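Here's the letter readout for the chains.
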Amino acid sequence: FSEYAEGSSNNKYLEIYNPTDSIVSLAGYAYPSVSNDPTIPGEHEFWNAFDEGASIAPGDVYVIAHGSADSTILAEADETHNFLSNGDDGYALAFGTEDDYVLLDFVGDFNADPGSGWAVAGVADATKDHTLVRKFSVTSGNTDWTASAGTSAEDSEWIVLDQDDWTYLGSHAELKLVVVPGCDLSLI
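Quick caveat: nothing in here was measured; it's all calculated off a predicted structure. (Residues numbered from 1 in each chain as written. Predicted model: local features only at pLDDT ≥ 70, side-chain atom pairs only at ≥ 80, totals over all residues. Heavy atoms only, no water.)

1. A short note on the confidence of the model for the chain
Filter applied, for reference: Scored from 0 to 100, pLDDT records how confident the predictor is in each individual residue. Should any heavy atoms of two residues lie within 4.5 Å, those residues are considered in contact.
Looking at the chain, pLDDT values average 92 and 92% of them are 70 or higher. Segment residues 177-188 is flagged for pLDDT under 50; beyond a separation of four residues in sequence, or across chains, it makes 14 contacts in the model.

Written out as structure tokens, the structure is:
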């Protein structure tokens with residue numbers, strides 16, 4: 001996952017980046033999820049397959065958006081999914097079938113109800129009412145959500161942006177940020 005947004009109203013999306021120099025077919029992939037508190041901790045509740053024929057071009061992204069999202073988001077959407085997170089629903093990227101798969105990445109997890117959302121980069125409930133952008137230095141998925149989320153801006157794999165900040169939606173490039181200890185991140 002390269003970006004995640006839980007914005008106002010239905011302004012929600014997941015973005016997946018292809019860092020390779022080849023087209024990646026999503027035929028063997030899915031984005032399983034749990035809703036709030038999982039029925040069986042550690043296991044997905046919903047197996048969400050990608051649309052038939054879905055693929056990601058080299059260096060491009062694939063966006064899954066809520067069908068009632070803002071037109072700015074829908075203009076970048078490759079498919080819609082109307083059950084995206086309210087901040088407390090875990091999503092994974094998986095390869096295989098529902099009965100036999102390998103997890104590749106997470107936003108949140110399948111372990112327990114996080115309350116309103118998960119903390120990311122030291123921001124409480126960052127998966128609610130925020131946009132998360134994966135740091136460009138992260139070159140592969142991470143199935144350890146706790147390590148991925150981190151505890152500070154320095155050790156997190158994510159940059160936490162304000163609600164409804166879709167500045168980077170539709171591409172994944174290195175963000176030019178200045179980190180000042182004790183201050184919020186600011187773009188330059």
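Resuming the write-up.
2. Here's the deal with the packing of aromatic side chains
Quick note on the threshold: Only the six-membered ring of Trp is used, alongside the rings of Phe and Tyr, when aromatic pairs are assigned; centres must lie within 6.5 Å, and planes under 30 degrees apart are stacked while those over 60 apart are edge-to-face, with the rest tilted. By definition, any uninterrupted DSSP run of H or I lasting at least four residues is a helix, any uninterrupted run of E lasting at least two residues is a strand, and each is numbered from the N terminus. The cut-offs for exposure are 20% and 50% of the maximum accessible area for each residue type, with area from a 1.4 Å probe on protein chains only; residues under the lower value are buried, those over the upper are exposed, and the others partly exposed.
On inspection of all chains with the given rule, the structure shows eight aromatic pairs. Between Trp145 and Trp158, the ring centres sit 6.3 Å apart and the planes meet at 55°, which makes this aromatic pair tilted. In this pair, Trp145 is assigned in helix 2 (residues 145-149) and Trp158 in strand 11 (residues 158-161), connecting sequence segments 13 residues apart. Across this residue pair, the class does not change: Trp145 and Trp158 are buried. Each residue in the set Tyr31, Phe50, Tyr62 and Tyr91 is aromatic and connected to the rest through ring pairs, giving one cluster.

3. Things to note about a nonpolar patch on the surface
The condition that has to hold: For patches, a residue must show more than 30% relative accessible area and have no salt bridge; joins then use 9 Å for like charges and 5 Å for nonpolar side chains, namely Val, Leu, Ile, Met, Phe, Trp and Tyr. The Shrake-Rupley method, run with a 1.4 Å probe, gives the accessible areas here. Residue values count only the displayed protein chains as cover. Salt bridge, as applied in this entry: a Lys or Arg side-chain nitrogen positioned within 4 Å of an Asp or Glu carboxyl oxygen.
Taken together, the side chains of Phe95, Val102 and Leu104 make up a nonpolar region of the molecular surface, amounting to roughly 250 Å² of accessible area. Within the secondary structure layout, Leu104 lies in strand 9 (residues 100-107). For Leu104, a relative accessible area of 31% puts it in the partly exposed group.

4. Comments concerning the nonpolar core
Just so we agree on the cut-off: Here, nonpolar core refers to any group of buried Ala, Val, Leu, Ile, Met, Phe, Trp, Tyr and Cys residues whose side-chain atoms link them within 4.5 Å.
Phe1, Leu14, Phe50, Val120, Leu132 and Trp145 are the most contacted members of the largest nonpolar core, which totals 28 residues. When residues of this core are traced back to their parent elements, those giving at least two are strand 2 (12-17), strand 6 (61-65), strand 8 (91-97), strand 9, helix 2 and strand 11. When residues in this core are grouped by element, the largest group, three residues, is from strand 8. When near neighbours in sequence (up to four residues on either side) are disregarded, Phe1 contacts Leu14, Glu15, Ile16, Tyr91, Ala92, Leu93, Asp105, Phe106, Val107, Arg134 and Trp158.

5. Remarks on the sheet that holds strand 4 (residues 29-30)
We count it as follows: A pair of strands is labelled paired if DSSP reports no fewer than 2 bridges between them.
An order of 4-8-9 is seen for the three strands of this open sheet, with the pairing classed as antiparallel. Each edge of the sheet is formed by a strand with only one pairing partner; in this case those strands are strand 4 and strand 9. Inspection of the sheet shows strand 8 paired to strand 9 by seven bridges, in the antiparallel sense. Residue pairing for strand 9: Leu93 is matched across the bridge by Asp105.

6. Observations concerning the sheet that holds strand 1 (residues 3-6)
Strands in a sheet are paired, the pairing made by backbone hydrogen bonds, and the direction either parallel or antiparallel. Here we have six strands laid out as an open sheet, ordered 7-6-2-1-10-11, and mixed in their pairing. Edge positions in the open sheet fall to strand 7 (79-80) and strand 11, since each of these has one partner strand only. Pairing analysis gives four bridges linking strand 1 to strand 2, with the strands arranged antiparallel. Bridge pairing in strand 2 links Tyr4 to Leu14.

7. Brief notes about the side chain of Ser85
Rule in force here: In protein, a polar contact requires one atom able to donate a hydrogen and another able to accept it; more generally it is a pair of N or O atoms within 3.5 Å, and residues adjacent in sequence count only if both atoms are side-chain atoms.
Within the element layout of this structure, Ser85 appears in the loop between strand 7 and strand 8. A distance of 3.5 Å separates a polar atom in the side chain of Ser85 from a polar atom in the side chain of Tyr4. Of note is the side chain of Ser85, whose polar atom sits 3.4 Å from the backbone nitrogen of Asp88. If sequence neighbours within four positions are ignored, Ser85 has contacts with Tyr4, Glu6, Lys12 and Tyr91.

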